[in-house]
Amino acid sequence: MGPQRTRPDLGGVPETALWTLYTRALEARRPDRLIVDPEAIKLVDALDYPFRERFGPDKWDMADGEAIRTRVFDDELRRFLQNHPEGTVVTLAEGLETQFWRADNGLARWLGVDLPEIVKLRRCLLPESPRQRLIACSALDDHWMNEVDPTRGVLITAKGLFQYFQPAEVRRLIAACAERFPGAVMVFEAPSRWLSTRMRQGRLRTPAGTPIPPTYWGMDPKEARRISTAHPNIAELTDLPLPAGRGKVYGRLLPWIARTPVVRNWKPVWITRLQFGDASGAPPCGDGPERTRHESRERPASRY
């Protein structure tokens, strides 16, 4: 008999942590893989869960899409750590993400925030290093903010989270982070507004036919402008491009959409970087060259 496997007890939105884990492991097993993620493979093998029955085989470029989004977040983390090697990385809704093993520099402090049932499972499967901490609470509970050390730089990430919040909740959370952590960087992803609407209407399912939890928020240029003015400390909003993947969709179609002005705002997924400055007028202590908080007090710099 092999080692006893852990049976996860997750449903609804928390179950999506298993889906993203599964797709990363599918990608990591491929000979032409776009990400190297042996920890994801180990986790899938350690869980007693019907991944294939719930989420289906690797079709519709499912693993490819997860991989290229993961690469954007990993690249942003490495960019941050080049400038703040001993900074604090805050991962909102960390789920069963294995970014610590993919991109950690051996110096940074990590703070994972997630719901109690996810934190319990993660602690069972992934022992924490001395530089890692987990907090069991909703990202909307500002309790976690009291645990962040802002003195050496802060990166806040939210991968696959904000779409499950109401629009006003997303803006309030971003504004609270801008208020509490001037000089920090936030990177988040969201489906486009048209895709979020389809998900909310129950029109999308996994390749195995499992319903996808409804989403309530999505991005488009209008929402990007709302986000960029959610708080005076938001100094810059940058729309991050997806790298090219494989096949017709991720290798050719989406890169073409990204570089074609007339259609690029119709892309299915947005990944956005926010640079928080200081409303007093001090320059942000972020990753780029020193600059004023933003060029206009009324309108932060924005790229989308």
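Just above sits the structure.
Okay, so let's go over this structure.

Calculation rules
- Residues numbered from 1 in each chain as written.
- Predicted model: local features only at pLDDT ≥ 70, side-chain atom pairs only at ≥ 80, totals over all residues.
- Heavy atoms only, no water.
- Helix = DSSP H or I, 4+ residues; strand = E, 2+ residues; numbered from the N terminus.
- Buried < 20%, exposed > 50% of the residue type's maximum accessible area, 1.4 Å probe, protein only.
- Contact = heavy atoms within 4.5 Å.
- Areas by Shrake-Rupley, 256 points an atom, 1.4 Å probe, with all protein chains shown as cover.
- Core = buried A, V, L, I, M, F, W, Y, C linked by side-chain atoms within 4.5 Å.
- Phe/Tyr/Trp six-rings, centres within 6.5 Å; stacked < 30°, edge-to-face > 60°.
- Pairing = 2+ DSSP bridges.
- Right-handed = clockwise from strand over helix to strand, strands pointing away.
- Salt bridge = Lys/Arg side-chain N within 4 Å of Asp/Glu carboxyl O.
- Lys, Arg positive; Asp, Glu negative; His and termini not counted.
- Patch = residues over 30% accessible without salt bridge, like charges linked within 9 Å, V, L, I, M, F, W, Y side chains within 5 Å.
- Axes fitted to C-alpha atoms, helices over the stretch in contact; angles between N-to-C directions.
- Parallel < 35°, antiparallel > 145°, perpendicular 65-115°, else oblique.
- Left-handed = near helix turned anticlockwise from the far one by under 90°.
- Nonpolar A, V, L, I, M, F, W, Y, C, P; charged D, E, K, R; others polar.

## A few points about the overall build of the protein
- Of regular secondary structure, the protein possesses 10 helices and eight strands.
- When burial is assessed residue by residue, the protein has 53% of its 304 residues classed as buried.
- In the protein, once contacts between residues fewer than 6 apart in sequence are set aside, the share between residues at least 24 apart is 72%.
- If you sum the accessible surface of the protein, you get close to 14,300 Å²; carbon and sulfur atoms cover 51% of it.

## A few points about the nonpolar core
- Judged by nonpolar contacts, the single largest core of 35 residues is most densely connected at Leu-92, Trp-144, Phe-162 and Phe-188.
- Where this core is concerned, the elements lending two or more residues are β1 (88–92), β2 (109–114), β4 (154–158), α7 (167–180), β5 (185–191), α9 (221–228), β6 (234–240) and β7 (269–276).
- No other element matches the five residues that α7 contributes to this core.
- What Phe-162 contacts, discounting residues up to four positions off in sequence, is Val-170, Leu-173, Ile-174, Met-186, Phe-188 and Trp-217.

## Some thoughts on helix α2 (residues 38–46)
- Of all the residues in α2, the buried ones are Glu-39, Ala-40, Ile-41, Leu-43 and Val-44.
- Along its buried surface, α2 packs onto α1 (16–29), α3 (51–55), α5 (99–103) and α6 (116–125).

## A closer look at the packing of aromatic side chains
- Within the structure shown, the criterion is met by 12 aromatic pairs.
- When the ring of Trp-19 is compared with that of Phe-55, the centres are 5.9 Å apart and the planes differ by 15°; the resulting orientation is stacked. Residue Trp-19 is found in helix α1, and its partner Phe-55 is found in helix α3; the two are separated by 36 residues along the sequence. For the pair formed by Trp-19 and Phe-55, the shared burial category is buried.
- Each residue in the set Trp-19, Tyr-22, Tyr-49, Phe-51 and Phe-55 is aromatic and connected to the rest through ring pairs, giving one cluster.

## As for the pairing of β2
- Burial analysis of β2 places five of its six residues in the buried class, the great majority of the element.
- Across five bridges, β1 lies against β2 in parallel orientation. Its bridge partner being in β2, Val-89 is matched across the sheet by Trp-110.
- Bridging between β2 and strand β3 (residues 132–136) involves five bridges; their strand directions are parallel. Looking at β3, one finds that Asp-114 is bridged to Ala-136.
- In this view, the connection linking β2 to its parallel neighbour β3 by way of α6 has right-handed handedness.

## Concerning the pattern of salt bridges
- The final tally for this structure, using the stated rule, is 29 salt bridges.
- Notably, a salt bridge pairs Arg-78 with Asp-75, separated by 3.6 Å at the nearest N-O pair. Of this pair, Arg-78 and Asp-75 both sit in helix α4 (residues 62–83), separated by three residues, roughly a single helical turn.
- On the basis of relative accessibility, which here comes to 37%, the residue Arg-78 falls in the partly exposed class.
- Among the residues examined, Asp-75 registers a relative accessible area of 43% and is labelled partly exposed.
- Here Arg-152 makes a salt bridge to Glu-86, at a shortest N to O gap of 2.7 Å. Residue Arg-152 is found in the loop between β3 and β4, and its partner Glu-86 is found in the loop between α4 and β1; the two are separated by 66 residues along the sequence.
- In this structure Arg-152 comes out as partly exposed when scored by relative accessible area, which is 47%.
- Members of the salt-bridge network, linked through shared partners, are Arg-24, Asp-37, Asp-74, Glu-97 and Arg-102.

## Regarding the side chain of Asp-64
- Within the secondary structure, Asp-64 is located in helix α4.
- No salt bridge forms around the buried Asp-64; measuring N to O, its nearest opposite-charge neighbour Arg-246 is 4.1 Å away.
- Apart from residues no more than four positions distant in its own chain, Asp-64 is found in contact with Glu-27, Leu-34, Gly-245, Arg-246 and Tyr-250.

## As for a nonpolar patch on the surface
- On the surface, Val-249, Leu-253 and Trp-256 cluster together into a nonpolar patch covering about 260 Å² of accessible area.
- Topologically, Leu-253 is positioned in helix α10 (residues 247–258).
- Owing to a relative accessible area of 42%, Leu-253 belongs among the partly exposed residues under this scheme.

## Observations regarding the packing of α1 against α2
- The contact between α1 and α2 brings their axes to 8 Å, and the two run at 120°. Between α1 and α2, the angle is such that the two are oblique. When the axes of α1 and α2 are compared, the crossing they make is left-handed. Of α2, the residues touching α1 (which contributes Leu-21, Tyr-22, Arg-24, Ala-25, Ala-28 and Arg-29) are Ala-40, Ile-41, Leu-43, Val-44 and Asp-45.
- The residue makeup of the contact of α1 with α2, split by class, is eight nonpolar, no polar and three charged.

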